[in-house]
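# Analysis of the macromolecular model
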Amino acid sequence: LIGTQDENGQTNVAIFTSVVHIGANPPLLGFISRPHSVPRHTLENIIITKAFTINHVAENFIAKAHQTAAKYSVSEFEATGLSPVFLAGINAPFVKEAAIKIGLSLVDIIDIKINNTKMIIGKIEYVDLPKNRIAKDGKINIETAQTVAISGLDTYHKTIELARFAYAKPDEILEKL
C-alpha cells in the first residue's frame, strides 16, 4: 500500500502491485504508476509533497487493502477502515495495520514512453518494523510479519521461504544459507 497526502493534508492510500527494489546505496525503491490520463491522486500527491510510504499488506487486512483501488471522493483510509499514522517526520501517512512500514522521499520520476506509465523512485528515509522480524544477519523475515504477495491485479498469496543462498560467484559452489 502506498500512502500519500496532498498539500491540504487529505490522506490517500492505494494498492500497487509493481513495487521494486532499485538499489542499495542509496537505498531506493520504485513503483509503476498507470498513465496520468485521469486524476492519479497518489502520483499527484507525490509530485506535490515529495514524500510517500510503502506499507506491507498482511493477511488480516487484504480485503481492506484491495478495496483501496476503488475511486473514492474521500480518503481511502476512511472509506476502507484502514488507519493512517504519521511517523518520524515523513510527510505522508503510514498504514497503522502494516507490520513493515517504509517512508520515502521522491528522487526521480521516469516516463516510460512505450505505454505512458511512470516509474516513481524514492529514497528510503525511514523503516519501521518489529525487531523480532530481523535476523542476526539483517534479513527481514516477511513470513513472521505475515506479509502477503500479489499476482496480477487481484490475487493474494501467503509467502513461504523456499531457500536462501549466499551471493552467487562464478566458479564457486553455491552455498545454501
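The rules behind these values
- Going along each chain's sequence as written, the residues are numbered from 1 onward.
- At least 70 in pLDDT is required for a residue's local features to be given in this predicted model, at least 80 for side-chain atom pairs to be given and counted, and no such filter applies to totals for whole chains, interfaces and linings, which use all residues.
- Side-chain metrics in this entry use all non-hydrogen atoms of the structure; hydrogen atoms and water are not considered.
- Paired strands, in this sense, are two strands between which DSSP finds at least two bridges.
- Under the DSSP-based scheme used, a helix requires at least four consecutive residues in state H or I and a strand at least two consecutive residues in state E, with every element numbered from the N terminus.
- Between the N-to-C directions of two axes lies an angle of 0 to 180 degrees, each axis being a line fitted to C-alpha atoms and, for a helix, fitted only over the stretch in contact.
- Note on contacts: a residue pair is in contact if any heavy atoms of the two residues lie within 4.5 Å.
- We call two N or O atoms a polar contact when they sit within 3.5 Å, provided that within protein one can donate a hydrogen and the other can accept it, with sequence-adjacent residues counted only if both atoms are side-chain atoms.
- Salt-bridge detection follows one rule: a side-chain nitrogen of Lys or Arg within 4 Å of a carboxyl oxygen of Asp or Glu.
- Each residue's exposure class comes from its accessible area (1.4 Å probe, protein chains only) as a fraction of the maximum for that residue type: buried when under 20%, exposed when over 50%, partly exposed otherwise.
- Nine residue types can take part in a nonpolar core, namely buried Ala, Val, Leu, Ile, Met, Phe, Trp, Tyr and Cys, and a core is a set of them joined through side-chain atoms within 4.5 Å.

The antiparallel open sheet is built from seven strands, whose spatial order is β2-β1-β5-β8-β9-β4-β3. Of all the strands in the sheet, the pair left with one neighbour each is β2 (11-14) and β3 (19-24). Taking each pair of neighbouring strands and ignoring which way they run, the sheet shows an average axis angle of 35°. In this sheet, strand β9 (residues 117-128) lies alongside strand β8 (residues 101-112) in antiparallel orientation, the contact comprising 11 bridges. Following the sheet pairing, Ser 105 is matched in β9 by Lys 123. Here helix α1 (residues 41-49) sits on the sheet in contact with β1 (2-5), β2, β4 (27-33), β5 (51-55), β8 and β9, set at roughly 55° to β1.

With that settled, the discussion passes to the side chain of Asn 12. Locating Asn 12 in the fold gives a position in strand β2. Within polar-contact distance, the side chain of Asn 12 engages the side chain of Glu 76 at 3.0 Å. Apart from the residues within four sequence positions on either side, Asn 12 is in contact with Ile 2, Gly 3, Thr 4, His 41, Thr 42, Asn 45, Ser 75, Glu 76, Phe 77 and Pro 93.

With that out of the way, let us pick up the side chain of Thr 53. You can see Thr 53 is positioned in strand β5. Here Asn 55 takes part through its side chain, which lies 2.9 Å from a polar atom of the side chain of Thr 53. Discounting chain neighbours no more than four positions away, the residues touching Thr 53 are Leu 1, Ile 2, Gly 3, Ile 90, Ala 92, Pro 93, Phe 94, Ile 102, Gly 103 and Leu 104.

Our next topic: the pattern of salt bridges. Under the criterion given, the structure shown has five salt bridges. Here Lys 118 ties to Asp 111 by a salt bridge, and the two come within 2.4 Å at their closest N and O atoms. Lys 118 gets classed as buried once you look at its relative accessible area, which sits at 18%. Lys 139 is the partner of Glu 161 in a salt bridge, and the nearest nitrogen-oxygen pair spans 2.9 Å. Here the residue Glu 161 occupies a position in the segment after β11 (155-158), and Lys 139 occupies one in the loop between β9 and β10 (148-151), the gap between them amounting to 22 residues.

Counting residues in each nonpolar core, the largest one holds 16 residues, and the members touching the most others are Phe 31, Phe 52, Ile 54 and Ile 120. Elements with a contribution of two residues or more to this core: β4, α1, β5 and β8. The element that contributes the greatest number of residues to this core is β8, accounting for three residues. In this structure Ile 54 touches Leu 1, Ile 2, Val 19, Leu 29, Ile 100, Lys 101, Ile 102 and Leu 104, once residues within four positions along its chain are discounted. Counting residues in hydrophobic clusters, the runner-up holds 13 residues, among them Ile 15, Ala 65, Phe 77 and Ala 98.

So, on to the environment of Ile 62. Position of Ile 62 relative to the elements: it lies in helix α2 (residues 62-67). Residues Ile 62 and Ile 150 lie 88 residues apart in sequence; the distance between their C-alpha atoms is 9.9 Å. Among residues more than four places away in sequence, those in contact with Ile 62 are Val 57, Val 148 and Tyr 156.

Bringing the pairing of β3 into the picture now. Here five bridges tie β3 to β4, and the two strands are oriented antiparallel to one another. Within β4, the residue paired with Val 20 across the bridge is Gly 30. Taken together, β3 and the strand that follows it, β4, pair antiparallel across an intervening segment of two residues.

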